[in-house]
Amino acid sequence: MAEQVDLLSAECWAAGAVGIEEREDGAGCMLLVYAQAARAQEVEQAARESLGARESSGEEGRVEPPEPVESGDWSERWKEGLAAVVVSPRLVVRPSFVEITPEPGRLELVIDPKQAFGTGGHASTLLALEWVDVLADELPASSRVLDIGTGTGVLALAALRLGAGEAVAFDIDPIAVCEAREWAELNELAERLRLFAGPLDALAAADFDLVVANLLRRELLPLAADVAGRLTARGSLVLSGLLAEEQGEIEAAFGGVGLRCAGARFAEDGGEQWVSLCMRRS
Ligand SMILES: C[S@@+](CC[C@H](N)C(=O)[O-])C[C@H]1O[C@@H](n2cnc3c(N)ncnc32)[C@H](O)[C@@H]1O
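One structure accompanies this document, and this report is about it.

1. Here's the deal with the overall build of the protein
Secondary structure assignment for the protein yields nine helices and 12 strands. Against the compact-globule benchmark of 19 Å for 282 residues, the protein has a radius of gyration of 19 Å, which places it among compact chains. Each of the three principal axes of the protein carries a C-alpha extent, and together these read 55 × 45 × 35 Å. In the protein, once contacts between residues fewer than 6 apart in sequence are set aside, the share between residues at least 24 apart is 61%. Carbon and sulfur atoms make up 50% of the accessible area of the protein, which totals about 13,900 Å². Within the protein, one finds 24 positive and 48 negative side-chain charges whose respective centroids are separated by 6 Å.

This is the structure in structure tokens:
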């Protein structure tokens, strides 16, 4: 379903949407898509075509006719329900429009929801952030982090905020990389973050102390050997974006390239049970 939602959103943005709010419950996912009145028909049509194209795969969905909203309201309405994400007592991720009371010793990242995935609100991101928070204590100031499928950059930025030396982060989606750069600058971490748009094999560097990858199973499995080869002897690999029922297959695939599972974290989101694994060399 996540893939269908991503595609539907992308097609609405391309047709002229100016804001998209995602609301999930156990039964499914609802997208509230905002557009200027002049573009509403085009956006509605794009949504209908996107859903129609996927009907053959058995995925269901429907598009309600456009409704007018109060002038100026749409630009604020999508912010409702968005809150700061408390990763641990020392790390919070929040949108710029959500103010929180500063607490001594607490670190924060400011990331606004735009088109890239990764504000901390989804279980797969939060679980990975929790691992980064735990593993950061093992990272020396000279440590190097690799973030595969960086989205907003949230995982690399969290590692840097928690003391990692430098990070390389990339995504096959150039829009995500632009947004990650924006958040790196806003959070004053850009000097220690190298970003690029492209695939893993465009990167020559190896010997990362921490590698993080919040990717779907089908995106991750083809990369297993290459990902494992990027780790230092004592490095840690954090995998997320996986459903609990996929854990056995993922452990077997990474076991085949010399890694073992050192721990698993679980969380429920959108009616699914998600798992995030910490892998180390066998
Ligand atoms: C679930 S999002 C994770 C974003 C962020 N790292 C987080 O944890 O919230 C997955 C991201 O991986 C990217 N992606 C998918 N397959 C990829 C691949 N083979 N190499 C690099 N990036 C990939 C997608 O474009 C998307 O931005």
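2. Concerning the side chain of glutamate 44
Relative to the assigned elements, glutamate 44 resides in helix H2 (residues 40-53). Given the relative accessible area of 18%, glutamate 44 is considered buried. Separated by 2.7 Å, the side chains of glutamate 44 and arginine 48 make a polar contact. Not counting the four nearest positions on each side in its chain, glutamate 44 is found in contact with Val63, Pro65 and Pro66.

3. Quick word on the sheet that holds strand S4 (residues 91-94)
Judged by pairing direction, the sheet is mixed, and its three strands sit side by side in the order S3-S4-S5 without closing on themselves. Only two strands of the sheet have a single neighbouring strand rather than two, namely strand S3 (85-88) and strand S5 (107-110). The mean angle between the axes of side-by-side strands here comes to 20°, regardless of whether they run parallel or antiparallel. With three bridges connecting them, S3 and S4 associate as antiparallel partners.

4. As for the side chain of aspartate 147
Here aspartate 147 lies in strand S6 (residues 144-148). This buried residue, aspartate 147, is left without a salt bridge; arginine 181 holds the nearest opposite charge, at 13 Å.

5. Digging into the site of the ligand
Taken together, 16 residues lie around the ligand, and Gly118, Thr125, Gly149, Asp171 and Asn214 are the ones closest in. Interatomic distance of 3.4 Å between a backbone N/O atom of isoleucine 172 and a nitrogen atom of the ligand. The set of elements that each furnish at least two residues to the shell around the ligand consists of helix H5 (154-161) and strand S7 (166-171). Of the residues belonging to the shell around the ligand, the class tally is seven nonpolar, six polar and three charged.

6. Concerning the environment of serine 276
Assignment of secondary structure puts serine 276 in strand S12 (residues 272-281). C-alpha separation for the pair serine 276 and arginine 106, spaced 170 residues apart in sequence, amounts to 24 Å. Sequence-distant contacts of serine 276, that is, excluding residues within four places in its chain, are made with Leu127, Ala128, Trp131, Val238, Leu239, Ser240, Gly263, Ala264 and Arg265.

7. Comments concerning the nonpolar core
In terms of nonpolar packing, the biggest core is built from 35 residues, with Val93, Leu129, Val145, Leu157, Leu193, Leu210 and Val238 touching the most fellow members. If you list the elements that add at least two residues to this core, you get S4, helix H4 (123-135), H5, S7, helix H6 (174-186), strand S8 (193-197) and strand S9 (208-214). Of all the elements, H5 adds the most residues to this core, at seven residues. Here leucine 129 is in contact with Val87, Val93, Gly120, Val154, Leu155 and Ala158, once residues within four sequence places are set aside. In terms of nonpolar packing, the next biggest core, distinct from the first, is built from 26 residues, Leu146, Ile148, Phe208 and Leu220 among them.

Reading the values: rules and limits
Residues numbered from 1 in each chain as written. Predicted model: local features only at pLDDT ≥ 70, side-chain atom pairs only at ≥ 80, totals over all residues. Heavy atoms only, no water. Helix = DSSP H or I, 4+ residues; strand = E, 2+ residues; numbered from the N terminus. Rg over C-alpha atoms; globule rule 2.2 N^0.38 Å. Contact = heavy atoms within 4.5 Å. Areas by Shrake-Rupley, 256 points an atom, 1.4 Å probe, with all protein chains shown as cover. Lys, Arg positive; Asp, Glu negative; His and termini not counted. Charge placed at Lys NZ, Arg CZ, Asp CG, Glu CD. Buried < 20%, exposed > 50% of the residue type's maximum accessible area, 1.4 Å probe, protein only. Polar contact = N/O pair within 3.5 Å; in protein donor to acceptor, adjacent residues only side chain to side chain. Pairing = 2+ DSSP bridges. Axes fitted to C-alpha atoms, helices over the stretch in contact; angles between N-to-C directions. Salt bridge = Lys/Arg side-chain N within 4 Å of Asp/Glu carboxyl O. Near = heavy atom within 4 Å. Nonpolar A, V, L, I, M, F, W, Y, C, P; charged D, E, K, R; others polar. Core = buried A, V, L, I, M, F, W, Y, C linked by side-chain atoms within 4.5 Å.

Shape descriptors only; they carry no functional weight alone.
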